[in-house]
Amino acid sequence: MTTNGQKTSGMTGDRLRVGVVGCGTIASAHLPYIQKAGGELVALADLSIRRSSDLADRFGVQRVYRAVEDMLAQERLDVIHVLTPPQSHASVAVAALDCGIATLVEKPLALDLREVVAMAAAAKRSGALLTVDHNRLFDPPMLEARRLWESGKLGDLVAIESFQAGRASERAWLGEIAGGGLGDLVPHPLYLQLYFLGEVEELHATAFSPSGGTNPEELRVLMKGEGRTGVLTISMNAAPGMNTLKLCGTKMTVEVNLNNMTVVRRRDYEVPKIIAKPLPNLDEAWQLVGQTAQNTIDFVRGRIRYYPGMGELIARFYQAVRNGTAPPVSIEEAASVVDVTNRIWNDLAGDSRSADRPAVEA
Amino acid sequence: MRAFVTGGTGFLGRRVVRRLVERGDEVFALAREGSRSKDLVAAGATVVGGDLGDIGPVLDRVAECDVVYHVGARVQSHGQWDEFFRVNVEATQRLMDAALAGKAKRFVHVSSLGIFEIDRDGLNITDTSDYDRRPTLRGFYTRSKIDADRLACSAARAGRNVVVVRPGLLYGPDHPQQSVFLGRVKKFLRPDLLLVVSTPGYLLPLTYIENAADAVILAGVTEGIDGSIFNVIDDPGLTQGEYFRTLSHVRARPLRVMYLPVWLLAPAVKAVDKLHRLVKRRPWAPAYQLLRSERSTRYATDAATARLGWKPRVELSQALEESLRKPA
């Protein structure tokens, strides 16, 4: 039996001792996966005792703190989840990394590259792992799409298109980040694009607000990456909500639907012309029916839950912490998302150059 | 010394106030305007008009005191969660903050023994045992006491001048029907026949109200115990059977007790619980609470004895006599 008063050191058996900073909306998504991935959630920290108490009550957490420093001083944590508003990610993560605690930060890793550099330096100093919650990359259909690309079945990937429709969730701190609600939405489709695009050589962005608000609500970004182009669209006004990513290769096109958790392949068939038109449609319809049925069964049986990619990412991160291997998302990947996000805002402001970019050392 | 007491008109708080006045302390007691605040004045305390539900206006006064005894809480079994949270949790944090930012050398938080995880029979609960892992299945009072205890212990661990006292089920003269005859699952079948949903071997974590007051005062004045947590139970080995035998002996008329073991009800309760899980995937709170109450637990009081120098001054039979004595 663990105790609520003693400072226990190191891992208890195989279970990693986990702390969570920030008990807002996204924490409810993280918490169930901590236990599932072999972590023992030992403490929560939040400035608001209402938020931390509420979460502690729902998940049976034994200890809560208002100050992160108190939590770091009192608990010997193996892992920390930094789920605070983006503007405090860097300071919390650096403090945790300096204590040698493996750190998982909610997206975006930070608001600018200088912060990322500071975080990377702290990780290097202590040897603790640092990763970011690019959870959509680990949703089951995304993993399948990644496998298809990496195994060469897509052929050469030449064009990527992502479309995200829907409004940002209300968050008290949205006014404090670039782009407001839209700024909060950008990282998810962007890290999906960048995973395939690699280094972005060219970028053009356009955006506007139909209602004439200060923050844009409609955004399109055209990017040229390493041997392929990408188009990223976010519409806060289009309905119904949508979240798709299309990967066009020289042999196959794959469309991932992250709302419905499906991945549909469109192939070339060497068949008589008469059925060359209907066959792909029938094939795609069949794939959708089959996957929808499977997803329904899995959901009812509790095999998949909300944010499945987050569960996978957390499991991979804990595995990496135990084995001392690479984290599921590298600091370079995270840095590149932070950099390109800011290049989008700069381009919208009339300057598309990479922000005087400090080198990020992993 | 200048002391601030919350809950000064309550079962435990009024005794704490009386003892502090007897000690020669200058006592400020938080109380709502009303007849009971006159008792505080009569006892020699200065009444600070206010309410735990709106603690802001009295915090300046709190900051000027040397010791804060936070005894008060919303104890009703009805009401909204928000109200319980504001009174029992938020007020605790704000009082603690004001006291420690002010002159206070000690903040004494009076908690409860109902807060622990008791997932099986025969557990040995210490001052550092786990909290109940399903507070949302407990009543609002207990859930709020868990939340408040967690915050107080967090400050205690962080090296602040906080001491947590957790008395057991309190009994004493003021409310004999609820406290002496235990506000547990019980019913008088006849004036001398009591039906108790439990077993004679069940360990009763009782604390006589005067003994609890002793512990609270010691927690405020003992040197070198900052950051400590004390479980305070008169006799950790007292069984329900023994208790009712002593009670029957002390009472003018003998008392017969009929026990209805929880396990007799358990199959039906568990079946309803299972149905709930099937439909809503969430346990059924009454089942959780009933099955929990069946598990006998021994509470260690070593810390209170060793570090607080506390021992129950009034023993069971005398405490029961005092409790049942008709007021003059």
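Look up a bit, the structure's there.
> Whenever I open this one, the environment of Ala95 of chain A confuses me. Can you help?
Residues and elements named next belong to chain A. Topologically, Ala95 is positioned in helix α4 (residues 89–98). When the 19 C-beta atoms within 10 Å are taken as the criterion, Ala95 is described as partly exposed. Residues Ala95 and Pro210, spaced 115 residues apart in sequence, show a C-alpha to C-alpha distance of 42 Å. Once you skip the residues sitting within four places of it in the chain, Ala95 turns out to touch Val68 and Leu72.

> What is the right way to look at unusual backbone geometry in this model?
Excluding glycine, residues mostly carry a negative phi; peptide bonds, for their part, are mostly trans. Residues and elements named next belong to chain A. Following Lys107, the chain continues into Pro108 via a peptide bond in cis, with omega recorded as -10°. Here Pro108 is to be found in the loop between β5 (102–106) and α5 (113–126). Across the junction of Ala239 and Pro240, the peptide omega takes the value 0°, indicating a cis bond. A positive phi angle is found at Met261, which is not glycine, with a value near 60°. Mapped onto the elements of the fold, Met261 is located in the loop between β12 (253–257) and β13 (262–266). According to the C-beta neighbour criterion, Met261 is buried, with 20 such atoms within 10 Å.

> Quick question: what am I supposed to make of the environment of Gly224 of chain B here?
Residues and elements named next belong to chain B. Turning to its location among the elements, Gly224 is positioned in the loop between α7 (209–221) and β12 (229–232). The exposure class assigned to Gly224 is exposed, which follows from the 6 C-beta atoms found within 10 Å. Counting along the chain gives 63 residues from Gly224 to Asn161, while the straight-line C-alpha distance between them is 9.7 Å.

> For this particular structure, what's the right way to read the nonpolar core?
Looking at soluble globular proteins, one finds that nonpolar side chains tend to be buried together. Counting 187 residues, the largest nonpolar core has Met119 of chain A together with Val5, Ala29, Val68, Ala215 and Val216 of chain B as its most contacted members. Of all the elements, helix α4 (residues 81–101) of chain B adds the most residues to this core, at 9 residues. When we break this core down by domain, the ones giving at least three residues each are domain 1 (16–134 + 319–330) and domain 2 (137–306 + 339–346) of chain A. Contacts of Ala215 of chain B, omitting those with residues within four sequence positions, involve Val165, Pro167, Phe230, Val232, Ala304, Leu308 and Trp310 of chain B.

> Even after reading the chapter, I still don't get helix α8 (residues 240–250) of chain B, so can you show me in this structure?
Structural remark: α-helix, 3.6 residues per turn; residues separated by three or four positions point the same way. Residues Gln240, Tyr243, Phe244 and Leu247 of chain B constitute the buried set of α8 of chain B. One side of α8 of chain B holds all its buried residues, which, seen down the axis, span an arc of 90°.

> When you look at the sheet that holds β12 of chain B in this model, what are you seeing that I'm missing?
Hydrogen bonds between backbone groups are what pair the strands of a sheet, and the pairing can be parallel or antiparallel. Residues and elements named next belong to chain B. Judged by pairing direction, the sheet is parallel, and its 7 strands sit side by side in the order β3-β2-β1-β4-β5-β7-β12 without closing on themselves. In this open sheet, the two edge strands, each paired with only one partner strand, are β3 (46–49) and β12. Geometrically, the sheet is characterised by an average inter-axis angle of 20° between neighbouring strands, direction not taken into account. As judged from the 4 bridges shared by strand β1 (residues 2–6) and strand β2 (residues 26–31), these two strands associate in the parallel manner. Each residue of the ladder has a partner; that of Ala3, found in β2, is Val27. On top of the sheet, helix α1 (residues 13–23) reaches β1, β2 and β4 (67–70); it is set at about 170° to β1, its chief contact. Its contacts with the sheet put helix α5 (residues 140–157) on β5 (106–110), β7 (162–167) and β12, and the angle it makes with β7 is roughly 140°.

> Honestly, the packing of α4 of chain B against α5 of chain B in this entry has me stumped. Any pointers?
When two helices pack together, you describe them by how their axes are tilted relative to each other and by the distance separating the axes. Residues and elements named next belong to chain B. At a minimum axis distance of 9 Å, the contact between α4 and α5 shows a crossing angle of 20°. With respect to each other, α4 and α5 are oriented roughly parallel. The hand of the α4/α5 crossing is right-handed. Residues Trp81, Phe84, Phe85, Asn88, Val89, Thr92, Gln93 and Met96 of α4 form the contact with α5, whose own contacting residues are Phe140, Tyr141, Ser144, Lys145, Asp147, Ala148, Leu151, Ala152 and Ala155. Across the contact of α4 with α5, the residue classes break down as 11 nonpolar, 4 polar and 2 charged.

How each quantity is defined
Residues numbered from 1 in each chain as written. Chains lettered and ligands numbered in written order. Predicted model: local features only at pLDDT ≥ 70, side-chain atom pairs only at ≥ 80, totals over all residues. Helix = DSSP H or I, 4+ residues; strand = E, 2+ residues; numbered from the N terminus. Buried ≥ 20, exposed ≤ 12 C-beta atoms within 10 Å, placed from the backbone. Contact = placed C-beta atoms within 7 Å. Core = buried A, V, L, I, M, F, W, Y, C linked by C-beta atoms within 7 Å. Domains from an automatic or database assignment. Arc of directions from axis to C-beta. Pairing = 2+ DSSP bridges. Axes fitted to C-alpha atoms, helices over the stretch in contact; angles between N-to-C directions. Parallel < 35°, antiparallel > 145°, perpendicular 65-115°, else oblique. Left-handed = near helix turned anticlockwise from the far one by under 90°. Nonpolar A, V, L, I, M, F, W, Y, C, P; charged D, E, K, R; others polar.

Everything listed is a geometric property; what it means functionally is a separate question.
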